[in-house]
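Here is what each chain is made of, one letter per residue.
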Amino acid sequence: MAKAENEIQSMLSKGMDPKELPWYEPTIDEIPEPAKTILENYSKIPSDRVLQHVVDVIDVLKWVIQRERAYSVFPYPCIGSFRFLDLSIPQSPVYAEVLQRLKSGEKLLDVGCAIGQELRQLVYDGVPSENIYASDLRRDFFDIGYDLFADHETLNCNFIVADIFDSDSELVKKLTGKVSIVNAASFFHLFPWDKQVEAIKRVVTLLRPEPGSLLIGRQAGRTDPEDPDDKENAPGNYRHDLATWKRMWEQVERETGTRWQVDSWREDWQGVDKGFDKYHANVESFKLRFVVRKL
Ligand SMILES: C[S@@+](CC[C@H](N)C(=O)[O-])C[C@H]1O[C@@H](n2cnc3c(N)ncnc32)[C@H](O)[C@@H]1O
């Protein structure tokens, strides 16, 4: 089972090299789509290297150097295994709707955005960057994202450093009731059940209180998840199957007095994600995708 953040912090404080964590991959064979297109057309990285599917050693090294910086901020599997190149937003079945709404002036928040790869896809697909908000606990990730996508001078997204659990944060002050769409990729699964409920309730209050507000995203799921009622053995990072995810939303509905249509489904780990199983020993894991719409 992947380790909770505090366990990893404790191992690192005892001197463990983050490269020894099981999800660390020293390099990558090719840049997957659509990240490759974003780098080619948005970041203007010379196209011949990308188009010809040639692994230019220097270029890959540049990527690794950038990634090393991100990995040293905190060694998340999504950084250590290059999973941040698996863009989540464009694979959503509601992506066309998301684009149309954002182009019409509605606002999106990418919560726990890390280096912000999803934002670049949205801007590349024509969304005015002013309509995009992104938040994370760690500002360093924002800076690494600017370097990686070479858009210091051009990107006008609104980055907010905030802890999702802080009710007095800039995020809460600026965006409560203001965003129409929240994207949460590899985010809720970082927390135990009760904290996931708290984080989702925060998302509920950030979203505009009207039908059609959307939460989209993906996270690690697993078969045979722990019993949510077994508080004594509650895992530090709860992984859902489709039933427990739905059950969590029923709890959110009861506790917030709101109603949501919860669509979720399983997908296999592929591409940069294909090594995902190896650090989830003895657990059948899958990618849990979701679209949750306010009724
Ligand atoms: C596993 S990464 C996922 C990053 C990105 N969404 C992706 O899919 O590549 C989780 C992100 O959540 C951020 N995070 C962790 N705890 C948080 C909290 N309490 N509030 C806000 N962000 C948090 C981390 O700093 C990290 O960037």
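Above this note sits the structure.
Residues numbered from 1 in each chain as written. Predicted model: local features only at pLDDT ≥ 70, side-chain atom pairs only at ≥ 80, totals over all residues.

(A) Expanded view of the packing of helix α10 (residues 193–206) against helix α11 (residues 242–256). The geometry of α10 relative to α11 is characterised by a closest axis approach of 10 Å and an angle of 55° between their N-to-C directions. The angle between α10 and α11 falls in the class oblique. Between α10 and α11 lies a crossing of right-handed hand. Contacts between α10 and α11 involve Q196, V197, I200, K201 and V204 on the former and, on the latter, M248, Q251, V252, E255 and T256. Of the residues in the contact of α10 with α11, the class split is 5 nonpolar, 3 polar and 2 charged. (Axes fitted to C-alpha atoms, helices over the stretch in contact; angles between N-to-C directions. Helix = DSSP H or I, 4+ residues; strand = E, 2+ residues; numbered from the N terminus. Parallel < 35°, antiparallel > 145°, perpendicular 65-115°, else oblique. Left-handed = near helix turned anticlockwise from the far one by under 90°. Contact = placed C-beta atoms within 7 Å. Nonpolar A, V, L, I, M, F, W, Y, C, P; charged D, E, K, R; others polar.)

(B) Region of the structure containing the pairing of strand β4 (residues 181–185). The buried fraction of β4 is high, at 5 of 5 residues. Side chains I181, N183 and A185 of β4 all project onto a buried face; the interleaved residues V182 and A184 project onto the opposite face, where all are buried too. Pairing of strand β1 (residues 108–111) with β4, which is carried by 4 bridges, proceeds in the parallel orientation. Pairing of L109 across the sheet is with V182, part of β4. Relative to strand β5 (residues 214–222), β4 is paired through 5 bridges, and the arrangement is parallel. The residue of β5 that forms the bridge with A185 is R218. (Buried ≥ 20, exposed ≤ 12 C-beta atoms within 10 Å, placed from the backbone. Pairing = 2+ DSSP bridges.)

(C) Looking closely at the pairing of strand β7 (residues 285–294). Among the 10 residues that make up β7, 7 are buried, leaving the element largely enclosed by the rest of the structure. Where β5 and β7 come together, 9 bridges link them in antiparallel fashion. By the bridge assignment for β7, R218 is matched with R289. Two strands pair when backbone bridges link them, and strand β6 (residues 260–267) and β7 are joined in this way by 8 bridges, in the antiparallel orientation. Residue pairing for β7: E267 is matched across the bridge by K287.

(D) Expanded view of the sheet that holds β5. Across the sheet, 7 strands lie side by side as β3-β2-β1-β4-β5-β7-β6; this open sheet has mixed pairing. Among the strands making up the open sheet, the edge pair consists of β3 (158–161) and β6. The mean inter-strand angle of the sheet, taken between neighbouring strand axes irrespective of direction, is 20°. As paired elements, β1 and strand β2 (residues 132–136) share 4 bridges and run parallel to each other. Bridge pairing in β2 places V111 opposite S135.

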